[in-house]
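Chain and residue survey
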Amino acid sequence: MSERKIRLATCSLAGCFGCHMSFLDIDERLFDLVELVEFDRTPLTDIKHCGPCDVGIVEGGVCNAENVHVLKEFRKNCKVLVAIGACAINGGLPSLRNNIDLWDCFQEVYQYEGGLEGGVVPNDPELPLPFDKVHPIYEVVKVDFFLPGCPPSGDAIWRFLTDLLAGREPKLDYEQLHFD
Amino acid sequence: MSKTISIDGQSVPFEEGQTIMDAALAAGVYIPHLCHNPEFTPHGSCKLCTVKVNGRNVASCTMPAVEGQEVLNDTEELNADRLALTQMLFVEGNHLCPACEKSGNCQLQAVAYYLGMMSPHYNHFYPQREVDASHPDVILDRNRCIYCELCVRASRDADGKCVFGMSGRGIGSSLVVNSASGRLGDTNLAVTDKAVQVCPTGAILIKGKGFTVPIGRRIFDHYTIKQIQTGGGPHE
Amino acid sequence: MDRPETPDIAPLLTPILAHHGHDASKLLQILRDVQDACHIIPAGAIDLIAVHLGVPRVNVEGVAGFYSFLSTRPVGEYQVLFSGNITDQMLGQDDLMQYLCNKLWVESGKVSEDGLVSIAGTSCTGMCDQGPAALVNGWALTNLDRNRLDLIGELIRSRKPVAEWPPMLFETVDNIRRADVLLGEALAPGDAIRAVLARGARKTLAEMDNSNLRGRGGAGFKTASKWSFCHAAIVEEEGHVICDIGGHPERFIVCNADEGEPGTFKDRVLLNSYADLVFEGMTVGARVVGAGKGFLYLRGEYRYLLGQLEGVLKRRREAGLLGDNILGQADFNFDIEIHLGAGAYICGEESALIESLEGKRGRPRNRPPFPVTHGYQGRPTVVDNVETFACAAKIAAQGGAWFAALGTAQSTGTKLLSVSGDVSRPGIYEYPFGVTVRQVLADCGAEDPYAVQISGPSGTTISWKEFDRRIAFEDLPTAGAFMVFKRKRDVFDAVRNFTHFFAHESCGFCTPCRVGTALQQKIIDKIHSGHGTPSDLEELKRLGHLLKTMSHCGLGSSAANPVLDALAKFPDAFERKLAGLAFEPAFDLDGALETARKITGRDDEWAHL
Ligand SMILES: Cc1cc2nc3c(=O)[nH]c(=O)nc-3n(C[C@H](O)[C@H](O)[C@H](O)COP(=O)(O)O)c2cc1C
Ligand code: SF4
Ligand code: SF4
Ligand code: SF4
Ligand code: FES
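By convention here, each chain's residues receive numbers from 1 onward along its written sequence. Just so you know, chain letters begin at A and ligand numbers begin at 1, following the order they were written in. Predicted model: local features are reported for residues with pLDDT of at least 70 only, side-chain atom pairs are reported and counted for 80 or more only, and whole-chain, interface and lining totals are derived from all residues. The side-chain figures draw on all heavy atoms in the structure; neither hydrogens nor water molecules are used.

1. As for the interface of chain C and chain B
- Chain C puts 43 residues into the contact, and the matching count from chain B is 44 residues.
- By the criterion of area lost to chain B, the three top residues of chain C are Val-58, Arg-514 and Met-550 of chain C, representing 19% of everything that side buries.
- One speaks of a salt bridge when a side-chain nitrogen belonging to Lys or Arg is within 4 Å of a carboxyl oxygen belonging to Asp or Glu. Between chain C and chain B we count four salt bridges in total.
- As a salt-bridge pair, Arg-363 of chain C and Glu-149 of chain B come within 2.3 Å of each other at their nearest N and O atoms.
- We call two N or O atoms a polar contact when they sit within 3.5 Å, provided that within protein one can donate a hydrogen and the other can accept it, with sequence-adjacent residues counted only if both atoms are side-chain atoms. Along the contact surface separating chain C from chain B lie 23 residue pairs in polar contact (both at pLDDT 80 or more).
- We count a stretch as a helix when DSSP gives it H or I for four or more residues in a row; a strand needs E for two or more, and each element gets its number in order from the N terminus. Breaking the side of chain C that touches chain B down by element, the ones donating at least two residues are helix H4 (57-66), helix H19 (491-505), helix H20 (511-528) and helix H21 (534-550) of chain C.
- The greatest single-element share of the side of chain C that touches chain B, amounting to eight residues, is contributed by H20 of chain C.
- Any residue outside Ala, Val, Leu, Ile, Met, Phe, Trp, Tyr, Cys, Pro, Asp, Glu, Lys and Arg is labelled polar, Gly included; the first ten of those are nonpolar and the last four are charged. Broken down by class, the residue content of the side of chain C that touches chain B amounts to 17 nonpolar, 14 polar and twelve charged. Whether two residues touch is decided by their heavy atoms; if any such pair falls within 4.5 Å, the residues are in contact. Using a 1.4 Å probe, buried area is obtained as the accessible area two parts lose upon being combined, added over both of them.

Structure, rendered in structure tokens:
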């Protein structure tokens, strides 16, 4: 084993944090993991920007301009980039909106839906601007590895990570590979 | 003495009139396939069943077995190419497995698992396709259609109805139904029709039956499509 | 889907259906007539046709949706389709189309608000030697320029029926620049048939065999073998050869005049000026295989030839060269019917052509069985190219040895080349096989030639380094197209044009071609827009492999040829367009925010990428 710990960052773009939850499902193996890795930006550390890392794991697809900035930062800083979960890999459930016109989406949310004052579409630059369609991350940056599942099970994640960290080509057992 | 072909070096007997696929399935040899269903006339459109015969690629589901054929099937190159075709089918439609009732029982998904598909690889088309829920018992979600035409064949050949057909061409191909309104509810499709049972994907589903089998007990949760389709898995 | 309101369609349909004898195999012809009458295939017409022909509605809808000259959405009362071949583009087609659009206040691909006109592109119309070309309501327009478009614009605005437009707009010429034995030496109608009757079918087949004639449609299959396979199928069925006796009503001769390969127009010239020779060849074939019925499958783009071809058939019937008892031979009955295509390149593929003849979607069949045993209506059928039949007539009249003495060992006889592109004398050149590319280039006045597309997009791209190669099955096989590109041209433009062509013409039956041609087009367009990367080139090669090896028919398996050839021979054409080594997104990130910017009215820094 190398003396230096492997530096790992994770984030969720257009996802539901389900993959992150599943990550926690590796349970007590987390203790083994922290022997091997140290965390950079993740929801666990609350670091806001990704620094130079060995591995970046991205959950969720790309649905707005902000996602692109985060994703590009990850790509720039991570030697190996992993797409985790259905959303990062093919847009997933957020991409259900790809069949709906963006105008209709906005109208539905800001005009027809009750509770929002004025019924006007906000134009605040703070709000991430949405794309016409939701895309998987590999259509925006180069992705090195994919770990499908919605979410992938804790076992699949553990298997994947141990392979990866040991320098092996990650390979899942039949029952660990699923798209749902 | 019966005639034989060889598939990956294994001698496989066949009868006159059988295709390579027929012979393989009878012998328990798995050749990946999606548009083929032994109950219906071979179609030859998905091309997943492509094998190499004497150096040339052919679709095994339509190619007659001929004495002495040397067939290559389970090779790295062919499986890589089959994987690419499977990925094409995924990006061409809208396959959101987590939201699909067929998930776990879907042949497209199962073939993808068998071939080790980790991502759809190609850029998505995200086509606009119609979902037709007009029929009281059956739902048609064109987002998941792979144009295997099994429903077309089943409706025509088994049900004697011609409820389904193909229109358009190229990437603009589409599955159409036999009614002036274009709605499934206005056709004479019955939930008991063979056409409703044969869809390898989640494009044709029976209403009110979704998610009845829990995750973990679905067809392909523990058995590969190879095991299932060559009789190595449990029967449905 | 909304159905456009249609007036009572029945009175309009009744005569059309009657004209085609309520015959389901005439479905495509019926739909063509409906389209002509209504500028749309109305949903109501689909219902009625299905009922009257006794076929499922889905089948009618399927056919209506397949052919590009049929549409289930309205097109203009005047529909102008600009020929989109690369040679038309090089002659300024894009600008001209825009010019006419501006003139008539219509966006390309849309119908004007008053329904008067729609303007769009279409695949090569086979007028590359006299382009830029277009079709107006199916009738071929040639030599377009702004003056002509001014006139056309006026004619459309004043709603002048196309039949009354000045004939000058529709003038087509043969442009025969070099004639050899096929085009140069006349054969009197009936001579070949007389020779066959004198010699007998069996010996005629032997002459065909001696001639070593190979199919001119591209694949180069030996014609005598095809004819004798058809024989063999008959023997198997009937126990004996029954050629030389009567035209069997259930055996067919089909002449493939689909000529859809961009850059090919030699069949057009044969049918325009040598129709007798072609029909004579079909009749020879009919005698040899004992066929009673022939079809000429004429591409829709050539509908302007239909009237005169019907005239030739009529004249031949009157002269006793077609119909019952041909040339007084009591057991020799054979007649020819012309079917019009409707804008589908795939219908040149012989089994798709047969499907189309049967009134179906043009989808290539599974083979085996081959058409020679199970063709039209499942019966033995010979499908040959127009030029092949012309050669067959010559061989029947003058013998196989005469023919075999021309050309090279493996490629006997002559070949018609359709020469277009950067040349001063575009047109038809007939050469004995074996001629070098360099010779052709010299003869046609090629200007600083750099690349030649041999046999169209599905053929071979050759570079200036290869101009000593020969036109022959041994070296450069060809169906006839010979498109020349000068040094100043960007080879990539041709590649892009061809990938669009294939994606548009893929029938959609099989996965590799349906999806592969569309993916190929996307990648080429990405490179075109300046966002290509080396990994895109790798992806193109991989797609090329899949198309070549996994496709169902020749369309898919050759759809990557222009890309692969150009990558190998003109790598610069791609590399200078690449954005760099880094990854580039698959789509235009900033462009994908445009809708949201519009909705929110934002234009701040964060609203752009
Ligand atoms: C996509 C495709 C298009 C074709 N188009 C034509 C055509 O327009 N004309 C033609 O004669 N052959 C065409 N062919 C070749 C035919 O399938 C067939 O080989 C030919 O008509 C046989 O005639 P021949 O033996 O006289 O060449 C095409 C083939 C393919 C795969
Ligand atoms: S049809 Fe199959 S592959 Fe498609 S979404 Fe449903 S389960 Fe997934
Ligand atoms: S609906 Fe199902 S059975 Fe029918 S063509 Fe589509 S995928 Fe095949
Ligand atoms: S290769 Fe293309 S044109 Fe040929 S059958 Fe397949 S989809 Fe149709
Ligand atoms: S299974 Fe043979 S082509 Fe689909």
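2. What about a nonpolar patch on the surface?
- Side chains of Met-21, Leu-24 and Leu-44 of chain A sit close together on the surface and give an oily, nonpolar patch of about 290 Å² of accessible area.
- On the secondary structure map, Leu-24 of chain A appears in helix H1 (residues 18-24). Only residues above 30% relative accessible area that lack a salt bridge enter a patch, with like-charged residues linked at up to 9 Å and the nonpolar side chains Val, Leu, Ile, Met, Phe, Trp and Tyr linked at up to 5 Å. Using a 1.4 Å probe, accessible areas were evaluated by the Shrake-Rupley method; residue-level cover was limited to the displayed protein chains.

3. Points about helix H15 (residues 350-357) of chain C
- The rule is simple: take the accessible area with a 1.4 Å probe, protein chains only, and divide by the maximum for that residue type; under 20% is buried, over 50% is exposed, in between is partly exposed. Burial runs high along H15 of chain C: seven of the eight residues are buried.
- On its buried face, H15 of chain C sits against helix H2 (27-38), strand S6 (248-257), strand S7 (291-298), strand S8 (335-340) and strand S9 (381-385) of chain C.

4. Regarding the domain arrangement of chain C
All names here are of chain C.
- If you check the domain split of chain C, you get domain 1 (9-66), domain 2 (78-167), domain 3 (178-404), domain 4 (414-489) and domain 5 (492-575).
- The C-alpha-based centres of domain 2 and domain 5 are spaced at 29 Å.
- Every contact between the two is made by five residues of domain 2 and, on the other side, seven residues of domain 5.
- Taken together, the two surfaces of domain 2 and domain 5 that pack against each other cover about 380 Å², and 51% of this comes from carbon and sulfur.
- Run the count over domain 2 and domain 5 and you get zero salt bridges. Start and end points for every domain follow an automatic or database-based domain assignment.

5. Examining the packing of H21 of chain C against helix H23 (residues 561-569) of chain C
All names here are of chain C.
- Here the axes come from fitting lines to C-alpha atoms, over the contacting stretch only for helices, and the angles between their N-to-C directions go from 0 to 180 degrees. Where H21 contacts H23, the two axes come as close as 9 Å, and the packing angle between them is 135°. As summarised for this structure, H21 and H23 are arranged oblique, according to the angle between their axes. Judged by the sense of rotation from one axis to the other, the crossing of H21 with H23 is left-handed. Contacts between H21 and H23 involve Leu-537, Leu-540, Lys-541, Gly-544 and Lys-548 from the first element and Asn-561, Val-563, Leu-564 and Leu-567 from the second.
- Among the residues forming the contact of H21 with H23, the class breakdown is five nonpolar, two polar and two charged. Here roughly perpendicular refers to angles of 65 to 115 degrees, roughly parallel to angles under 35, roughly antiparallel to angles over 145, and oblique to all remaining angles. Helix crossings fall into two classes, left-handed where the near helix is turned counterclockwise from the far one by less than a right angle and right-handed where it is turned clockwise.

6. Observations regarding the packing of helix H2 (residues 76-92) of chain B against H20 of chain C
- As a packed pair, H2 of chain B and H20 of chain C sit with axes 10 Å apart at the nearest point and diverge in direction by 65°. Read as a crossing pair, H2 of chain B and H20 of chain C show a hand that is left-handed. In this structure, H2 of chain B contributes Leu-85, Met-88, Leu-89 and Glu-92 of chain B to the contact, and H20 of chain C contributes Thr-511, Pro-512, Arg-514, Val-515, Gly-516 and Leu-519 of chain C.
- The class makeup of the residues in the contact of H2 of chain B with H20 of chain C is six nonpolar, two polar and two charged.

7. Here's the deal with the interface of chain A and chain B
- Facing the 26 residues of chain A at the interface are 34 residues of chain B.
- Between chain A and chain B, roughly 2300 Å² of surface is buried when both sides are summed, and carbon and sulfur atoms account for 58% of that area.
- Of all residues in chain A, Tyr-174, Phe-179 and Asp-180 of chain A give up the largest surface area on contact with chain B, accounting jointly for 33% of the area buried on that side.
- Viewed at the interface, chain B and chain A are joined by one salt bridge.
- Among the salt bridges present, the one from Asp-180 of chain A reaches Arg-218 of chain B, with a minimum N-O distance of 2.8 Å.
- Of all elements in the fold, only helix H4 (85-90) and strand S6 (130-135) of chain A reach the threshold of two or more residues within the side of chain A that touches chain B.

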